[in-house]
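Structural overview
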Amino acid sequence: MSRPNASYETVMVISTKNGEEATAAIVEKFKKLIEDNGTVESVDDWGKRRLAYEIEDETEGHYVLVNFTCPPEFPAELDRIYKITDGVLRSLIVAKDK
């Protein structure tokens, strides 16, 4: 028996050094991945912002917030894919309270 879907939000910080097209492609990749495994409720593109500290010699990152629902097993897989994707500087996945 599968458990009911839970609500999550994820923030990803994407490298801007490869240009806007590469950034958009990464956002689209993760949006599609989440849609394939759950339901995207909203995508909030915060755009390019200065980082609090340098990450991999970069001072700016492109921030995107995605609210979604999915089975409780999926966030671990999403996190694994964030970690192996070139261009993702940082990511965070948080379970939202109901």
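Below is a summary of the structure that appears in this document. This is a predicted model, so every value here is computed, not measured.

With that out of the way, let us pick up the overall build of the chain. Counting its regular elements, the chain contains 2 helices and 4 strands. Computed over C-alpha atoms, the radius of gyration of the chain comes to 14 Å, within 12% of the 13 Å expected from 2.2 N^0.38 for 98 residues, which places it in the range of a compact globule. Viewed in the frame of its principal axes, the chain has a C-alpha envelope of about 45 × 25 × 20 Å. Counting across all 98 residues of the chain, residues that qualify as buried make up 38%. Contacts in the chain between residues at least 24 apart in sequence constitute 72% of all its contacts with a sequence separation of at least 6.

So, on to the side chain of Glu58. Turning to its location among the elements, Glu58 is positioned in strand E3 (residues 58-70). When its relative accessible area of 8% is taken as the criterion, Glu58 is described as buried. In this structure the side chain of Glu58 is engaged in a polar contact, spanning 2.8 Å, whose partner is the side chain of Ser15. Those residues within four positions of Glu58 in sequence are excluded, and the remaining contacts are Ser15, Thr16, Lys17, Leu51, Tyr53 and Leu89.

Our focus in this paragraph is the environment of Ser7. Within the secondary structure layout, Ser7 lies in strand E1 (residues 6-15). Residue Ser7 is classed as buried on the basis of its relative accessible area, which comes to 18%. As a C-alpha pair, Ser7 and Thr69 span 62 residues in sequence and 4.4 Å in three-dimensional space.

Right, let's get into the pattern of salt bridges. The tally for this structure, following the rule as stated, stands at 4 salt bridges. Between Arg80 and Glu77 there is a salt bridge; the shortest N-O distance is 2.9 Å. With Arg80 and Glu77 both in helix H2 (residues 74-84) and 3 residues apart, this pair spans about one turn of that helix. Owing to a relative accessible area of 31%, Glu77 belongs among the partly exposed residues under this scheme.

What counts and what doesn't
Residues numbered from 1 in each chain as written. Predicted model: local features only at pLDDT ≥ 70, side-chain atom pairs only at ≥ 80, totals over all residues. Heavy atoms only, no water. Helix = DSSP H or I, 4+ residues; strand = E, 2+ residues; numbered from the N terminus. Rg over C-alpha atoms; globule rule 2.2 N^0.38 Å. Buried < 20%, exposed > 50% of the residue type's maximum accessible area, 1.4 Å probe, protein only. Contact = heavy atoms within 4.5 Å. Polar contact = N/O pair within 3.5 Å; in protein donor to acceptor, adjacent residues only side chain to side chain. Salt bridge = Lys/Arg side-chain N within 4 Å of Asp/Glu carboxyl O.

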